[in-house]
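# Secondary and tertiary structure notes
Chain residues, written in single-letter form:
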Amino acid sequence: MKPFSLLKPFILLSLFMLASLPPADTHAQTPLPTVAFEKTTLPNALQLILVEDRRLPIVAVNIWYHVGPANRAPGLRGFAHLFEHMMFSATRHIPRGLADQLLEGAGATDSNGSTDYDRTNYYDTVPSNQLELALWVHADRMGYLLDVLDQKALTNQQDVVRNERRQTVEGEPYGVVEEALAHAMFPKDHPYYSPIIGSHADIQAAKLEDVRQFFARYYGPNNASIVIAGDIDKAKTRTLVERYFGGLRRSEPVARPSVTTPPISSERRVVVHDRVELPRIYMGWLTPKAYQPGDIELAVAAEILGGGKSSRLYKKLVYERQIAQEVDAAQNSYGITSTFVIDVIARNGVDARTLEAAIDAELAELREHGPSQREVERARNSLETALLSSIEKLGGDGLADQLNHYNQYTGDPGYLSKDIEQLRRVSPQDVQRVVRAYLAKASRAVVTGLPGSPVLIDPPRPRAPRASKAAGKAVQGINTPEPWRAKAPKPGPAPGFTLPQGETFRLANGLTVLHHHNPALPLVSAQLLIKSGNAANPATLPGLAGFTAQMLEEGTATRSAPQIADEIAQLGAFLDTGSGVDASSVSLLALRANFAPALDILADVVLHPAFPTAEVERQRASRVNDLIQQRDDPEAVAAVAAAGAFWGSRHPKGYGQLGTEPA
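A quick note: this is a predicted structure, and the numbers were derived from the prediction, not measured. (Residues numbered from 1 in each chain as written. Predicted model: local features only at pLDDT ≥ 70, side-chain atom pairs only at ≥ 80, totals over all residues. Heavy atoms only, no water.)

### A look at the side chain of Ser-310
Our working rule: Strands are runs of DSSP state E lasting at least 2 residues, helices are runs of H or I lasting at least 4, and numbering of each runs from the N terminus. Think of it in three bands: residues with accessible area under 20% of the maximum for their type are buried, residues over 50% are exposed, and the middle band is partly exposed, with areas taken using a 1.4 Å probe on protein chains only. Here a residue-residue contact requires only that any non-hydrogen atoms of the pair lie within 4.5 Å.
Among the structural elements, Ser-310 can be located in the loop between helix H9 (295–306) and helix H10 (312–320). Take Ser-310: its relative accessible area is 13%, and that puts it in the buried class. Beyond its immediate chain neighbours, meaning those up to four positions away, Ser-310 contacts Lys-315, Arg-378, Ala-565, Asp-566 and Ala-569.

Dropping the structure here:
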C-alpha cells in the first residue's frame, strides 16, 4: 500500500495569516485580547451594544431576549422555542414572508434565530448600507407582532416544530438517549428536564392566548439586548436604533428565574434502546452555574478528559484499547445550573459494561492523582484558541453573539479578557479539586443507549386542529401603530470594498504560497491544498484518498500519532486533514505566538509520513466502524444512495469519503 503516491504531483500552499508572524519566544503568552465596545441603555431599558469593525462592509445585528425554557410555565415545555418560530410570522407593518424576501434580496446571511435554556436570539448579517432594513424588521417584530398574531400562524408553526422534533430527537441517532439523560438528571418540574424543543404534548397544548401573554411578558425592550457589530458609525447607528426601537413600550419587569435544582445524591441509571448500530454511554453531573467558581476549571477538566486526540479518554479507549469509536466531554454552562457530560460510543462488538468500566478507571485516576501541568497547559491553550477563533466572524454565532452572551451572564459585554485571564490561571490543583467535588460516582446519572426498538418517551399526538376563519382576527397590540413603519427603508450608498490581494510567491521547488496579513486577532491559519481527491481513487480501492489524508496524522519518521496530537494541543493549535472530491488538504490553526512550531509539525506530517502498519490497521478498523455508524444517519444514507444512483456505485463520486463497507 502506497497511499502517499496520490499526493506527490500536486503543489499548492495557502497561508492565511490572521496576525503577524510569531515573536522569537514562541512560548510567550499573547496579551489578553479586548473588544472595543460601547454600551448604552435606551429610556425604555433596551440595552444597546455597539462594536465598530471596518474590516469588511458588513454589519451583524444580534438581539437576545432574556427568556428561554428557564422561564417556562407548567405544561408549556418547549414554549420558548415555539415562540421563536412565531417571531418569523407577519407583523402589523410587514406581511408574512416579506421580511425574508427583502433581507435575502439585500444580501443578508446568517439570518435566523435560536433558543437556548436561558435565552432566545435573532440575528442577521447584512451589507453595511442595509443596516436600517435589518433594524426595521427586528423592531417591528418586537413592537408589532401581537397586532396580527392569529391561530393560523400558531397552527402552522406547531406543525413545523413538531416535525422538527421528529427530525432532531426521534429521528436523530441517539436523540431519545440524550433526552433520557436530562430526564434522569432533573425532576419533572425543572425547566431543564425536557429538551429545548419540548414535547409533542406541550407543543400541541399551546393556545393562542398563551402566545399573546408570553409575548407581552417577555418580548419587551426592557428584557432584550441588541449588539450591532461591523462597519458602522456609532453615532448614526445609535440614532437609527432610537428611531426604530426607542418608542416601543417596555413590558412589566421580568424577574430572573429562581429555581432550586435538587442534587443527585445516589447514582441514577437508565437503559434506552434506539435504532442505532453501536452502544453509547452518557454520564452527567450537576455543576456550578456559568461563570461561577468551578465552571472554568471544569471546562479545563472536560478538555483533559475528552478534548480531542490528546485527551485521556481518547488515548486510552480509542487509541490504546480500541474499545471506543468516539469520546467527548463537555462542561455545559447555563444560568440555573450547569452540567458536565461524558459521551462515549463503543466500537463494534464492545459491550457497554466494558466501556463504562474503562471510563470509570480514567475518572478515578484523575480524581486520585490530578492532571499534569502539561495537560492543563494543553487544555488551556486549546480552549483559548477555540474561543478566539469563534469571534473572528462577526455574525451568526460569532463576535456579536458572544458579546450578548457575556452581557447576559456577567453584565459585561467586554468580559472576553477576564474570561481568558481566568482560564490562564487554572492549575492542576484546581482541576483535581473540582473533579473530586463534582464528578463523584454517587452524584451522576448514567444513560446507556443500546441497539433496539425505541420506546418513545413522548409518543406522537394527533395533528393540531385547523384554524377557523374567525380565528384570524387581529387584536389590539401593545404599541401605537405608526404609519411610517409600513414602508421599508431604502438602502444607503453602496459601500466601497477592495478584495484583499495578499502576497503571492513561489518557492524554489515550485510550491505556490499565498500570504494575507490580518492583525485583528492573535491567530494564524494555514492550509496546504493538494489538487487530488476522492475522484482519483482507484476502482479497486474506494475511499483511498480519504484514508491517506487521515493517515497523515498517524505518525511520521520522528513522531508517533500520540506525539503529534500532544504537541499540537500543547501549542493550542488544531491540525486537520481531509479529502474532498477534487482536492485533499492539511489545515492548521494556531495562536500567533506558537505558529512557527505548529507549522513545523504540519510540514513533518506532509513531508515525512511513516504510515506505520499498526496505525493503518487501527484506522482501517475505525473507518469500518464509521461506515457502520453511517447506517444510523438518514441524511448520510440518502446522500450516498443518491450519489450511487447518479454516478454509479463503482465511480469515485458514487460513494462517500469513507469508501464502501467490506463485502
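### As for the sheet that holds strand E11 (residues 338–346)
Under the convention used in this document: In this analysis, strands are considered paired if DSSP registers two or more bridges between them. All axes here are fitted lines through C-alpha atoms, helices being fitted over the stretch that makes contact, and every angle between N-to-C directions spans 0 to 180 degrees.
What the five strands build is an open sheet, ordered E8-E12-E9-E11-E10; its pairing is mixed. Two strands in the sheet have a free side with no partner beyond their single neighbour: strand E8 (268–274) and strand E10 (324–332). For this sheet, the mean angle separating the axes of adjacent strands, direction not counted, is 15°. Across six bridges, the pairing between strand E9 (residues 280–287) and strand E12 (residues 444–451) is antiparallel. Within the sheet, the bridge partner assigned to Met-283 lies in E12 and is Val-446. Sitting on the sheet, helix H19 (residues 613–630) touches E10 and E11, and the angle it makes with E10 is about 70°.

### Here's the deal with the layout of surface pockets
Convention followed: Grid points spaced at 1 Å and placed over the protein atoms alone form the basis of the search, with a cavity being a set where a 1.4 Å probe fits but cannot get out and a pocket an open set showing protein on both sides within 12 Å along at least five of seven lines. Lining residues have an atom within 4 Å of a point. Grid points are joined across faces, edges and corners, and a volume is the space filled by probe spheres set on the points. Residues are grouped as follows: Ala, Val, Leu, Ile, Met, Phe, Trp, Tyr, Cys and Pro are nonpolar; Asp, Glu, Lys and Arg are charged; all remaining types, including Gly, are polar.
The computed volume of the second largest pocket comes to approximately 730 Å³. What lines the second largest pocket is a set of 28 residues, and nearest its centre among them are Tyr-117, Glu-178, Glu-179, Pro-195 and Ile-196. Among the secondary structure elements, those contributing two or more residues to the lining of the second largest pocket are helix H4 (151–170), helix H5 (175–185), E10 and E11. The biggest single contributor to the lining of the second largest pocket is H5, with six residues. Looking at the lining of the second largest pocket residue by residue, the classes come out as 15 nonpolar, seven polar and six charged.

### Side note on a negative patch on the surface
As a reminder, the rule being used: A residue counts toward a patch only above 30% relative accessible area and without a salt bridge, and it is joined to like-charged neighbours within 9 Å or, for Val, Leu, Ile, Met, Phe, Trp and Tyr, to nonpolar neighbours within 5 Å. In short, Shrake-Rupley with a 1.4 Å probe defines the accessible areas, and a residue's cover is counted only from the protein chains shown. By definition, a salt bridge exists where a carboxyl oxygen of Asp or Glu is found within 4 Å of a side-chain nitrogen of Lys or Arg. We treat Lys and Arg as the positive residues and Asp and Glu as the negative residues; His and chain ends play no part in the count. Taken as the charge centre is NZ of Lys, CZ of Arg, CG of Asp or CD of Glu, depending on the residue.
A cluster of acidic residues, Glu-172, Glu-178, Asp-633 and Glu-635, forms a negative patch at the surface. Considering the arrangement of structural elements, one finds Glu-178 in helix H5. Exposure remark for Glu-178: the relative accessible area of 48% places this residue in the partly exposed category.

### Here's the deal with the packing of helix H12 (residues 373–390) against helix H17 (residues 561–570)
Between H12 and H17, the least distance of the axes is 7 Å, while the angle of their chain directions is 65°. Facing H12, whose interface residues are Arg-374, Glu-377, Arg-378, Asn-381 and Ser-382, H17 presents Asp-566, Ala-569 and Gln-570. Taken together, the residues of the contact of H12 with H17 break down into one nonpolar, three polar and four charged.

### Section: the sheet that holds strand E4 (residues 58–65)
Backbone hydrogen bonds hold the strands of a sheet together, and the pairing may be parallel or antiparallel. In space, the six strands of this open sheet follow the order E2-E3-E7-E4-E6-E5, with mixed pairing throughout. Edge positions in the sheet fall to strand E2 (38–41) and strand E5 (109–115), since each has one partner strand and no second. Ignoring strand direction, the axes of neighbouring strands in this sheet form an average angle of 10°. In the sheet, E5 pairs with strand E6 (residues 120–127) via five bridges, with the strands oriented antiparallel. Across the sheet, the residue bridging to Thr-109 is Thr-125, located in E6.

### Quick notes on the pairing of E9
Taken across its eight residues, E9 has eight buried, putting it largely inside the fold. Residues Arg-280, Tyr-282, Gly-284 and Leu-286 line one face of E9 and the alternating positions Ile-281, Met-283, Trp-285 and Thr-287 line the opposite face, and both faces are buried. With eight bridges connecting them, E9 and E11 associate as antiparallel partners. Looking across to E11, one finds that Thr-287 is bridged to Ser-338.

### A look at unusual backbone geometry
Apart from glycine, the bulk of residues carry a negative phi angle, and the bulk of peptide bonds sit in the trans form. Even without glycine at this site, Asp-110 takes up a positive phi of about 50°. Relative to the elements of secondary structure, Asp-110 occurs in strand E5. Positive phi values are uncommon outside glycine, yet Tyr-291 reaches one of about 65°. Mapped onto the elements, Tyr-291 comes out in the loop between E9 and H9.

### Side note on the environment of Glu-635
Its place among the elements puts Glu-635 in helix H20 (residues 634–647). Looking at Glu-635, the relative accessible area reads 58%, which means it is exposed. Along the primary structure Glu-635 and Glu-172 are separated by 463 residues, whereas in three dimensions their C-alpha atoms are 9.8 Å apart.

### Description of helix H11 (residues 352–369)
Put simply, the rule reads: Expected span of a helix, by definition, is 1.5 Å for each gap between consecutive residues, and there is one gap fewer than residues.
In this model, H11 (18 residues) spans 26 Å end to end at C-alpha, consistent with the 26 Å of a helix rising 1.5 Å per residue. Among all positions in H11, only Ala-352, Leu-355, Glu-356, Ala-358, Ile-359, Asp-360, Glu-362, Leu-363, Leu-366 and Arg-367 are buried. Note on H11: the residue one or two positions beyond its end, Gly-370, has a positive phi of about 75°.

### As for the pattern of salt bridges
Here the structure, examined in full by the defined rule, presents 35 salt bridges. A salt bridge links Glu-179 to Arg-165; its shortest N-O distance comes to 3.2 Å. Of the two residues, Glu-179 sits in helix H5 while Arg-165 sits in helix H4, which places them 14 residues apart along the sequence. Take Glu-179: its relative accessible area is 6%, and that puts it in the buried class. Glu-554 serves as the salt-bridge partner of Lys-309, at 3.0 Å between the closest nitrogen and oxygen.

### Topic: the pairing of E2
Bridging between E2 and strand E3 (residues 47–52) involves four bridges; their strand directions are antiparallel. Within E3, the residue paired with Lys-39 across the bridge is Ile-49. If you look at the hairpin formed by E2 and E3, you'll find five residues sitting between the two strands, and Ala-45 has a positive phi there, around 80°.

### A closer look at the nonpolar core
Basically, it comes down to this: What we call a nonpolar core is a set of buried Ala, Val, Leu, Ile, Met, Phe, Trp, Tyr and Cys residues that are connected through their side-chain atoms within 4.5 Å.
By size, the foremost hydrophobic cluster in this structure holds 57 residues, and its most contacted members are Tyr-65, Phe-83, Leu-135, Tyr-219, Ile-226, Ile-228 and Phe-245. The leading source of residues in this core is helix H3 (residues 131–144), at nine residues. Excluding its chain neighbours within four sequence positions, the residues that come into contact with Phe-83 are Tyr-122, Leu-145, Val-211, Phe-214, Phe-215 and Tyr-219. Membership of the second largest hydrophobic core comes to 40 residues, among which are Ile-304, Tyr-314, Leu-423 and Val-435.

### Quick notes on a nonpolar patch on the surface
Nonpolar side chains collect at one region of the surface, where Leu-56, Phe-497 and Leu-499 lie side by side and expose about 300 Å² of accessible area between them. With respect to the helices, strands and loops of the structure, Phe-497 is situated in the loop between E12 and strand E13 (503–506). The partly exposed category is assigned to Phe-497, whose relative accessible area is 42%.

Honestly, that's just the spatial picture; any functional story needs more than this.
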